[in-house]
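One-letter residues, chain by chain:
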Amino acid sequence: MTRLVAVVALCALGACSDMSDQPKQRTYSPLVGPAQTPPDVVSFLYSEPTAPPLTLALIERGQQRFRIFCTPCHSELGNGQGMIVQRGFPEPPSYYVERLLKAPTLYFVDVIAKGHGTMYSYASRVPPADRWAIAAYIRALQKSQNASAEDLAGAKTEAAP
Amino acid sequence: MGSVFRPAANFWASLALLLLAVAFVASSLIVWLWPHSDYARRANWAPSQPVPFSHRHHVTGLGIDCRYCHTAVEVSSNAGMPPTYTCMTCHSQIWTKAAVLEPVRNSLKNDQPLVWRRVTDVPDFVYFNHSIHIAKGVGCSSCHGDVANMALTYKAKSLTMQFCLDCHRDPGPRLRPKNKIFDTSWTRDETTPAPELLLAEYGVPQRNLTDCSICHR
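All chains use their own residue numbering, which begins from 1 and follows the written sequence. To label them, take the chains in the order written and letter them from A, then take the ligands in the order written and number them from 1. For this predicted model, a pLDDT threshold of at least 70 governs which residues receive local features, and a threshold of 80 or more governs which side-chain atom pairs are given and counted, while totals over whole chains, interfaces and linings are taken from all residues.

**Student:** Outline the overall build of chain A, listing residues and values.
**Tutor:** Note on conventions: DSSP H or I runs of at least 4 residues are helices, E runs of at least 2 residues are strands, and numbering of each starts at the N terminus. When its secondary structure is counted, chain A shows 7 helices and 0 strands. Secondary structure elements of chain A occur, N-terminal to C-terminal, as α-α-α-α-α-α-α. Radius of gyration here is computed from C-alpha atoms only, and the compact-globule reference equals 2.2 Å multiplied by the residue count raised to the power 0.38. Taking 2.2 N^0.38 as the reference for a compact globule, 161 residues should give roughly 15 Å; the C-alpha atoms of chain A span a radius of gyration of 27 Å, well beyond that estimate. Overall, the C-alpha framework of chain A stretches about 100 × 45 × 35 Å when taken along its three principal axes. Every C-beta atom is placed from the backbone, and the number of other C-beta atoms within 10 Å of a residue's own sets its class: buried at 20 or more, exposed at 12 or fewer, partly exposed in between. In chain A, which comprises 161 residues, the proportion classed as buried is 20%.

Put into structure tokens, the structure is as follows:
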């Protein structure tokens, strides 16, 4: 009888946990990871030295990533008057200064990866392919600020509402 | 010899039996329903954190995108908690003397991560993947609530299995257009495309969404 009560009591103890906290018995360990690095993996700070082909998709990806990571300081216009700057962050240079208009596109890619002045590195937040996309969008921004009516030949030229 | 029980004893005995029955039913109901209550699920409850981080200030006030800090949400099962380095991207320059940010500065100085208390959790036997939900048109706020307007972050939904299944059985009405996924105050209105259109656009498979192995592996 005592034994039966003990068994029932032990079984009842099993109801104390709903198994919500049940970590894996064999957790991931880098030691058992792939022995060979997969082919398209690059190192953390690596910047592809040659630009990917310039497509509309690349610029649109760049615009999306630019609005996530860059606009807080550089603003959507790229003039360096973003919200964080308005709240006291040192003002970054506008993309439309002579020095940056002449800089090679790789320069922007490198600054994203390594940071510059008070700007921290974005290597862990913006993967290498996206750095080129953002750089392409910055180039598009620069062009937009110095464009003339002739540049729009063939494009839709309707007055803004 | 007089009787042992007085006539009133009949009444007390019946009352005791009735109360016993009521107590049995009530305690069964409590045991059954308690785990599903918002209190037991810690819903609407903001745990104390090492730094009283305000999503309302950073997202609504400053306009920072969710993905600025939760960088992995589109590509990984885990949305990604930002490292201290991300906080210090701005706070190395602004609010550098704020006492409330002392733990953040110490974290960077000592190379020790901040230990945040988890707000939203699913049991360890549930395999939740953020990236697929983002890719198929489920917004942050469907599970996390209106985070952009939370002064302190709290768990907004109960996240019971019933909660997950409500959507997995009928995902259409919860899907939203691509540009609204990170807008946590979004609600469906007359301009939102019909559920069938969104289901088709995202290619949501409706055949197996309630399979056990979709979430339990």
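**Student:** Tell me about unusual backbone geometry, and name the residues and values.
**Tutor:** Residues and elements named next belong to chain B. One non-glycine residue with positive phi stands out, namely Arg-42, at about 60°. Examined against the element boundaries, Arg-42 turns out to sit in the loop between helix 1 (9-33) and helix 2 (55-61). You will see that Leu-159, though not glycine, has its phi angle at about 55°, which is positive.

**Student:** Explain the interface of chain A and chain B to me, using residue names and the numbers behind them.
**Tutor:** Once C-beta atoms are placed from the backbone, any two residues with those atoms within 7 Å are in contact. Counting residues at the interface gives 19 residues for chain A and 16 residues for chain B. Sorting the residues of the side of chain A that touches chain B by element identifies helix 2 (56-69) and helix 4 (83-86) of chain A as the ones contributing at least two each. Looking at which element gives the most residues to the side of chain A that touches chain B, the answer is helix 2 of chain A, with 3 residues.

**Student:** Explain the nonpolar core residue by residue, including any values.
**Tutor:** We define a nonpolar core as a collection of buried residues of the types Ala, Val, Leu, Ile, Met, Phe, Trp, Tyr and Cys that are connected via C-beta atoms lying within 7 Å of each other. Judged by nonpolar contacts, the single largest core of 37 residues is most densely connected at A:Phe69, A:Ile112, A:Ile134, A:Ala135, A:Tyr137 and A:Ile138. Every element with two or more residues in this core is listed here: helix 2, helix 6 (105-114) and helix 7 (128-145) of chain A together with helix 3 (66-69) of chain B. Among the elements that make up this core, the one with the highest residue count is helix 7 of chain A (8 residues). Other than its neighbours up to four places away in sequence, A:Ile112 contacts A:Tyr122, A:Val126, A:Arg131 and A:Ile134.

**Student:** Go over the domain arrangement of chain B with me, naming the residues and quoting the values.
**Tutor:** Interface size, as often reported, equals the accessible area lost upon joining of the parts. Here chain B is described as being made up of domain 1 (1-35) and domain 2 (55-81 + 116-215). Put simply, the middle of domain 1 of chain B and the middle of domain 2 of chain B, counted by C-alpha atoms, are 49 Å apart. Domain extents, as shown, originate in an automatic or database domain assignment.

**Student:** Tell me about the packing of helix 6 of chain A against helix 7 of chain A, and please be specific about residues and values.
**Tutor:** All names here are of chain A. In this analysis an axis means a line fitted to C-alpha atoms, helices contributing only their contacting stretch, and an angle means the value between N-to-C directions, from 0 to 180 degrees. Interaxial distance between helix 6 and helix 7 falls to 9 Å at its minimum, and their mutual angle equals 130°. Regarding the angle of helix 6 to helix 7, the classification is oblique. Read as a crossing pair, helix 6 and helix 7 show a hand that is right-handed. Between helix 6, through Thr-105, Phe-108, Val-109, Ile-112 and Ala-113, and helix 7, the contact on the second element is made entirely by Arg-131, Trp-132, Ile-134, Ala-135, Ile-138 and Arg-139. Its residues placed into classes, the contact of helix 6 with helix 7 shows 8 nonpolar, 1 polar and 2 charged. Roughly parallel here means an angle under 35 degrees, roughly antiparallel means over 145, roughly perpendicular means 65 to 115, and every remaining angle is called oblique. Should the near helix be turned counterclockwise from the far one by less than a right angle, the crossing is left-handed, whereas a clockwise turn marks it as right-handed. Each residue receives one of three labels: charged for Asp, Glu, Lys and Arg, nonpolar for Ala, Val, Leu, Ile, Met, Phe, Trp, Tyr, Cys and Pro, and polar for the others, Gly being one of them.

**Student:** Tell me about helix 7 of chain A, and please be specific about residues and values.
**Tutor:** Residues and elements named next belong to chain A. Any helix carries an expected span of 1.5 Å times its number of residues minus one. Taking 1.5 Å as the rise per residue, helix 7 with 18 residues should run 26 Å; its terminal C-alpha atoms sit 26 Å apart, in good agreement. Taken residue by residue, helix 7 has Asp-130, Arg-131, Trp-132, Ala-133, Ile-134, Ala-135, Ala-136, Tyr-137, Ile-138 and Leu-141 as its buried positions. The inward-facing, buried residues of helix 7 contact helix 2 and helix 6.

**Student:** Break down the packing of helix 4 (residues 84-91) of chain B against helix 5 (residues 102-110) of chain B for me, citing the residues and quoting the values.
**Tutor:** Residues and elements named next belong to chain B. One way to put it is that helix 4 packs onto helix 5 with a least axis distance of 10 Å and a crossing angle of 115°. The element helix 4 and its partner helix 5 pack so that their crossing is left-handed. Two secondary-structure elements touch here, helix 4 through Thr-84, Tyr-85, Cys-87, Met-88 and His-91 and helix 5 through Val-104, Ser-107 and Leu-108.

**Student:** Could you give an account of the environment of B:Val59, naming the residues involved and the relevant values?
**Tutor:** All names here are of chain B. With respect to the element layout, Val-59 can be found in helix 2. Once the C-alpha coordinates of Val-59 and Met-150 are considered, the two residues, 91 residues apart in sequence, prove to be 9.6 Å apart. Val-59 has contacts with Ile-64 and Ala-148, leaving out every residue within four places of it along the chain.

**Student:** Explain the environment of B:Ile30 to me, and be specific about the residues and the numbers.
**Tutor:** Summarising the element assignment, B:Ile30 is placed in helix 1. As for B:Ile30 and B:Ala151, which are separated by 121 residues in sequence, their C-alpha atoms are 33 Å apart.

**Student:** Before we move on, could you go through the confidence of the model for chain B and cite the residues and values that matter?
**Tutor:** Every residue gets a pLDDT, meaning the predictor's confidence in that residue, from 0 to 100. Considering every residue of chain B, the mean pLDDT works out to 93; 100% of them sit at 70 or more. Both confidence scores are given for the complex: pTM 0.84, ipTM 0.85.

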